[in-house]
Amino acid sequence: MKQHHVFSTLKLMAATILGIGLLSGCSQSAGNGGNSAALADDVASQVYVPPGEYDEFYAFMSGGFSGQVSVYGLPSGRMLKVIPVFSLDAEKGYGFNEETKPMLETSHGFIPWDDAHHPELSQTNGETDGRWLFINGNNTPRIARIDLTTFETAEIIEIPNSGGNHSSPFTTENTEYVVAGTRFGVPYPQQDVAIDSYAEKFKGTLSFISVDPEEGEMDLAFQVLLPAYDYDLAHSGKGKSHGWTFFTTYNTEEKSTLLEVNASQNDKDFIAAINWKKAEEYIAQGKFQEIPAQYAHNTYNEHTHMATSEMKETVRVLLPEECPGLVYFLPTPKSPHGVDVDPTGEYIVGNGKLSADMAVHSFSKVLEAIENESFETIIDGIPVLKYDEILAGIVEKPGLGPLHTEFDGKGNAYTTYFISSEIVKWKVETQEVLDRVPTYYSVGHLMIPGGDSRKPDGKYMVALNKITKDRYLPTGPELTHSAQLYDISGEKMKMLLDFPTIGEPHYAQGIAASKVMPNSKKFYPIEENEHPYRTLGEKDTRVERDGNIVHVYMTTIRSHFAPDNIEGIKVGDKVYFHVTNLEQDWDVPHGLAIMGANNAELLIMPGQTETLLWEPDRVGVYPFYCTDFCSALHQEMQGYVRVSPQSSDIELSWRLGEDEPVQ
Amino acid sequence: MKYLPRLLMALGIIGLLLLFFFPMWKIILYAPQYPDGVEMHIYIDKIGGNSPGVLQNVNILNHYVGMKYIDPDAIPELQYFPYIIGALILLGAGALLWNRAPGYLIWTLLLIILGTIGMYDFYLWEYDYGHNLSPTAPIKIPGASFQPPLLGTKDILNFVAKSLPHIGGYGYGLAILMGGSAWWTRKKQ
Ligand SMILES: [Cu+2]
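What you see is a predicted model, and the numbers here were worked out from it, not measured in a lab. (Residues numbered from 1 in each chain as written. Chains lettered and ligands numbered in written order. Predicted model: local features only at pLDDT ≥ 70, side-chain atom pairs only at ≥ 80, totals over all residues. Heavy atoms only, no water.)

> Help me get a handle on the overall build of chain B, residues and values and all.
When its secondary structure is counted, chain B shows 5 helices and 5 strands. Along chain B, helices (α) and strands (β) appear in the sequence α-β-β-β-α-α-α-β-β-α when read from the amino end. Oriented by its inertia axes, the alpha-carbon framework of chain B measures out at about 65 × 30 × 25 Å. Per-residue burial over chain B gives 45% buried out of 189 residues. Partitioning the intrachain contacts of chain B with sequence separation of at least 6 by distance along the chain shows that 66% fall at a separation of at least 24. The averaged location of the 10 negative side-chain charges in chain B is 19 Å from the averaged location of its 12 positive side-chain charges. (Helix = DSSP H or I, 4+ residues; strand = E, 2+ residues; numbered from the N terminus. Buried < 20%, exposed > 50% of the residue type's maximum accessible area, 1.4 Å probe, protein only. Contact = heavy atoms within 4.5 Å. Lys, Arg positive; Asp, Glu negative; His and termini not counted. Charge placed at Lys NZ, Arg CZ, Asp CG, Glu CD.)

Below is the structure:
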């Protein structure tokens, strides 16, 4: 313990010295040691949620390269669920069972993985409403929608003309749209050209995906075609700036090689401000081009318990040259990463990650500059506003490597500094630095529940760190990523808790549990089950053959499968086990595992039907069993399938016990 | 108060009418892993619960110890109970129109007698379910009875079982009380 403490302190001193060396005026950044010895006793009680009691907030953290979303409780830091989104999840059969395979379809075919970065809660009147959570897939550009009544992925839409869907899926204040800006310029349309033709042939698109206000269904409404900059992050306006969405850019140099040097030459890059209300007018006037584009749209139906994948063929594209007033560039130093709009909608923070100072733009001044047509220059029909005219102020030398800012709703902003590994609290109106705390280590995003909405819950703040090193018991070369929870209810930020996360949590969203918990489903009503292969009672269980395809209509209820003995299956058959869980009680899933299955298990919620494909490759009698410890007789929940040679003439037969069934 | 007996009688009839809309009885099972309890509702014509799956869940619990499957279609009382209550309502209406003390008294006594028979019948069903166990039950506990209480609370293995009237049952009690009061006030006039 002692040694560990000394070691950490040394590291911290080293970090501090680095901070001073790189930037004077940043010398307080080390703050207190932040280790357990330095934490007062009352801190423990602040994060202690007694057994049987609930956390105050849900936190939804992206899984980063795990492709999933993890759900945590705050302030305890207890993990509640991992929701499979863009990656296969054998634990839940996601992407393995027949029902969810279509969720991972794209124009490139079935893609079993993605890199999930930014969860974003749906909003009503600028406030999180607890209905849906959106998240972007970075690698093969997609946006997913998670239904917060079931905590399951309900929809995934692919984004065409994009490469690296990073500035996504930030919502507008009534979830009119979620957005998807391309991080990488790509040839437009995609074609076989020299990489050197980047500046001429490559483009960047910003996509606006409309969200149905009732059902949440997404549709790619339009794309805006822009120069091939790297569109890094985004946030939509709120209140007075509602109707606008802001995207940061880097690589305005438009280079395609050695970007760490070549894309870091311009002193200022841009924030692209899109007037999407204007875009709607142009769409209504028909001022768009309908461009061929292939992209998948996958939806999961909660009643059929099945996903379907549809391929879309065209997209509507708006060109700034033809749509005056649609796009403006706000010069912002330097390679800005996050762009964050304060709860009033007036201040637009450009987190210039390579800049010593941090620029804060004023939305009123932006409007004024547009009104006065006070432009520095015009690029491809896009007016560039004058930096000095739109600036509200600068946060002077706050730290090194600013990445992201969130707000507490009390007039304060909190910005993460990756290089100096700290969070700095500053006053939005005066840009005056108020406080700073270290993070362990190298914080990326931060999250305050509602911290990017009009109504933040300014009680807790979570730092999502990129580097873990010595924070926990070591686990070999690969470590979990660390997060820290801070109390921000007082003047000084105070660290409360340090907890591990899955994958690489980029961004997170938090919401009061009271907005989500009452709507959480307990099970699926069996009478609403519309699965084409459902079995609604044991008397309907059966096995049917159609050539070498065999359909097993199976049910589960504590504590047996019906049927549990099946004969007449042959080598080379494709056997589909359509299993309906007849249970109608909370927390009684059943599983199905069968020896030699080349996919995964099924994990079937009460009232649900799921299908496992099994292709027996050899003669014999093979057991199957329930994988979820469901009852006192769970271990008895098992059965056999007899597999005969292809030439065999054994008839299909099935049974369950000899006397009366439970159902 | 000339109209008081009739008014009381009308209230009594309304009490009976409640049986067509609300359960007459409830049996609630509590155990740590059932934080909300499993609450079974017995109506005059069906068996339900405070959530859709209750009967199935009770049957699942019962089958471990070999109790019979509770099948509402196999309980004849649920077929003819509505007619008995309907007849009592008609008789009550007749007594109200006749407005004579003996009419109210006979009606009230009829309710008391039928109610007692009903409770005895309920006890017999409970006894049957609690004692008539399948010889192939997965879990056998020598000497144990799984009969729920007629009224009140009882421990059954890992469960605490509570048996209480529901709104309809209180409605029946109200009918008896009001019928009796109608008789008393009419007699005093
Ligand atoms: Cu099971």
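Picking up after the structure, the text goes on.
> So what's going on with the overall build of chain A? Residues and values would help.
Along chain A, the regular secondary structure elements total 7 helices and 46 strands. Relative to a compact globule of 663 residues, whose C-alpha radius of gyration would be 26 Å, chain A shows 27 Å and is just as compact. Viewed in the frame of its principal axes, chain A has a C-alpha envelope of about 85 × 65 × 45 Å. The buried share among the 663 residues of chain A stands at 60%. (Rg over C-alpha atoms; globule rule 2.2 N^0.38 Å.)

> Outline the sheet that holds strand β2 (residues 69-74) of chain A, listing residues and values.
Residue and element names in this part refer to chain A. Read across the sheet, 4 strands follow the order β3-β2-β1-β35 without closing on themselves; strand pairing throughout is antiparallel. Each having just a single partner strand, β3 (78-83) and β35 (508-512) make up the two edges of the open sheet. Taking each pair of neighbouring strands and ignoring which way they run, the sheet shows an average axis angle of 20 degrees. With 5 bridges connecting them, β2 and β3 associate as antiparallel partners. (Pairing = 2+ DSSP bridges. Axes fitted to C-alpha atoms, helices over the stretch in contact; angles between N-to-C directions.)

> Before we move on, could you go through a nonpolar patch on the surface and cite the residues and values that matter?
Residues and elements named next belong to chain B. Among the surface-exposed residues, Tyr-80, Tyr-83, Ile-84, Leu-91, Leu-109, Leu-110, Ile-112, Ile-113, Leu-114 and Ile-117 lie close enough to one another that they form a single nonpolar patch of about 920 Å² accessible area. For the nonpolar patch, the secondary structure elements donating two or more residues are α3 (77-98) and α4 (101-131). It is α4 that contributes the most residues to the nonpolar patch, 6 residues altogether. Take Tyr-80: it is sitting in helix α3. Residue classification places Tyr-80 among the partly exposed residues on the basis of a relative accessible area of 41%. (Patch = residues over 30% accessible without salt bridge, like charges linked within 9 Å, V, L, I, M, F, W, Y side chains within 5 Å. Areas by Shrake-Rupley, 256 points an atom, 1.4 Å probe, with all protein chains shown as cover. Salt bridge = Lys/Arg side-chain N within 4 Å of Asp/Glu carboxyl O.)

> Break down a negative patch on the surface for me, citing the residues and quoting the values.
All names here are of chain A. A grouping of Asp-212, Glu-214, Glu-215, Glu-217 and Glu-310 is seen on the molecular surface, where their side chains present a negatively charged patch. Note on placement: Glu-215 falls in the loop between β13 (202-211) and β14 (218-227). What makes Glu-215 exposed here is its relative accessible area of 58%.

> A description of the sheet that holds strand β34 (residues 494-501) of chain A should follow, citing residues and the corresponding values.
Residues and elements named next belong to chain A. As summarised here, the arrangement of the 4 strands in space is β31-β32-β33-β34, forming an open sheet in which the pairing is antiparallel. Of all the strands in the sheet, just β31 (443-447) and β34 have a single pairing partner and so form its edges. Adjacent strand axes in the sheet meet at a mean angle of 25 degrees when their direction is disregarded. Relative to β34, strand β33 (residues 481-487) runs antiparallel, the two sharing 7 bridges. Each residue of the ladder has a partner; that of Tyr-486, found in β34, is Met-495.

> Which residues make up the coordination of the copper ion, and what values do they have?
Residue and element names in this part refer to chain A. The coordination sphere of the copper ion contains the protein donors His-590 (ND1), Cys-626 (SG), Cys-630 (SG) and Met-637 (SD), at a distance range of 2.1 to 2.6 Å. One can describe the site at the copper ion as tetrahedral: its 4 donor atoms subtend angles covering 93 to 130 degrees at the metal. As a motif over one chain, the donors of the copper ion read H-x35-C-x3-C-x6-M. Taken as a pair, Cys-626 in the loop between β44 (620-625) and β45 (638-644) and Met-637 in the loop between β44 and β45 lie far apart in primary sequence, 11 residues in all. Classification of Cys-626 by relative accessible area gives buried; the value is 1%. (Donors = N, O, S within 2.8 Å, 3.2 Å for Na, K, Ca; no water. Tetrahedral: all angles 85-135°; square planar, octahedral: opposite > 155°, others 65-115°.)

> Describe the interface of chain A and chain B, and please don't skip the residues or the numbers.
The interface of chain A with chain B comprises 13 residues on the first partner and 10 residues on the second. Buried area between chain A and chain B, both sides added, is near 1,200 Å², and the carbon and sulfur share of it is 53%. For the pair chain A and chain B, the number of links is 1 salt bridge. Put simply, Lys-522 of chain A and Asp-36 of chain B hold a salt bridge, and the shortest N to O gap is 3.2 Å. Between the two partners, chain A and chain B, sit 4 residue pairs in polar contact (both at pLDDT 80 or more). Considered class by class, the residues forming the side of chain A that touches chain B number 5 nonpolar, 4 polar and 4 charged. (Buried area = accessible area lost by both parts, 1.4 Å probe. Polar contact = N/O pair within 3.5 Å; in protein donor to acceptor, adjacent residues only side chain to side chain. Nonpolar A, V, L, I, M, F, W, Y, C, P; charged D, E, K, R; others polar.)

> I'd like to hear about the nonpolar core, residue by residue, with values.
Residue and element names in this part refer to chain B. Within the largest apolar cluster, 44 residues are counted, with the highest numbers of intra-cluster contacts made by Leu-16, Met-40, Ile-70 and Ile-85. The set of elements that each furnish at least two residues to this core consists of α1 (4-17), β1 (25-31), β2 (34-42), α2 (54-63), α3, α4, β5 (159-165) and α5 (167-188). Sorting elements by how many residues they give to this core places α3 first, with 7 residues. The contacts of Ile-85, once residues within four sequence positions are left out, are Leu-16, Leu-19, Phe-20, Ile-44 and Tyr-172. (Core = buried A, V, L, I, M, F, W, Y, C linked by side-chain atoms within 4.5 Å.)

> Hey, could you go over the environment of Asp-55 of chain A for me, with residue numbers and the actual values?
Residue and element names in this part refer to chain A. For Asp-55, the location among the structural elements is in the loop between α2 (41-47) and β1 (57-62). On the accessibility criterion, Asp-55 (10% relative accessible area) is buried. In this structure, the C-alpha to C-alpha distance between Asp-55 and Pro-75, residues 20 residues apart in sequence, is 6.3 Å. In this view, Asp-55 contacts Val-49, Gly-73, Leu-74, Pro-75, Ser-76, Arg-78 and Ala-513; residues no more than four positions away in its chain are not counted. A polar side-chain atom of Asp-55 sits 2.9 Å from a polar atom in the side chain of Ser-76.

> An account of the pattern of salt bridges is needed here, citing residue identities and associated values.
Residues and elements named next belong to chain A. The tally for this structure, following the rule as stated, stands at 28 salt bridges over all chains. With a shortest N-O distance of 3.2 Å, Glu-127 and Lys-455 are connected by a salt bridge. Placement of Glu-127 in strand β7 (residues 127-137) and of Lys-455 in the loop between β31 and β32 (460-465) is noted, with a sequence separation of 328 residues between them. Here the residues in one salt-bridge network are Asp-89, Glu-91 and Lys-92, joined through shared partners.

> Lay out the side chain of His-118 of chain A with the relevant residues and their values.
All names here are of chain A. Examined against the element boundaries, His-118 turns out to sit in strand β6 (residues 116-124). From its side chain, His-118 meets the backbone oxygen of Ser-168 in a polar contact 2.9 Å long. Polar side-chain contacts of His-118 include one of 3.5 Å to the side chain of His-445. In contact with His-118, not counting residues within four places along its chain, are Ser-62, Phe-134, Ile-135, Asn-136, His-166, Ser-168, Pro-169, Phe-170, Leu-233, His-445 and Tyr-507.

> Just give me the short version of the domain arrangement of chain A, but keep the residues and values in it.
Residue and element names in this part refer to chain A. Under the domain assignment, chain A is made up of domain 1 (5-519) and domain 2 (527-655). Centre-to-centre separation of domain 1 and domain 2, based on C-alpha positions: 43 Å. Across the domain 1 to domain 2 interface the summed buried area is about 1,300 Å²; carbon plus sulfur atoms make up 53%. It is Glu-98, His-303 and His-305 in domain 1 that bury the most area against domain 2; as a group they hold 37% of the surface buried on that side. Across the domain 1-domain 2 interface, the total number found is 0 salt bridges. Its residues assigned to classes, the side of domain 1 that touches domain 2 comprises 4 nonpolar, 5 polar and 4 charged. (Domains from an automatic or database assignment.)

> Residue-level account of the packing of aromatic side chains, with values.
All names here are of chain A. One pass over the full model with this rule turns up 32 aromatic pairs over all chains. Their ring planes at 45 degrees and their centres at 6.2 Å tell us that Phe-170 and Tyr-507 sit as a pair that is tilted. One end of the pair, Phe-170, is in the loop between β10 (165-167) and β11 (177-182); the other, Tyr-507, is in the loop between β34 and β35, and 337 residues separate them in sequence. Like Phe-170, the residue Tyr-507 is buried in the burial classification. Each ring, one from Phe-577 and one from Trp-614, has its centre 6.1 Å from the other, and the planes form 50 degrees; the classification is tilted. (Phe/Tyr/Trp six-rings, centres within 6.5 Å; stacked < 30°, edge-to-face > 60°.)

> An account of the environment of His-118 of chain A is needed here, citing residue identities and associated values.
His-118 of chain A sits in the buried class, given a relative accessible area of 0%. Expressed as a C-alpha distance, the spacing of His-118 of chain A and Leu-612 of chain A, which sit 494 residues apart in the sequence, is 32 Å.

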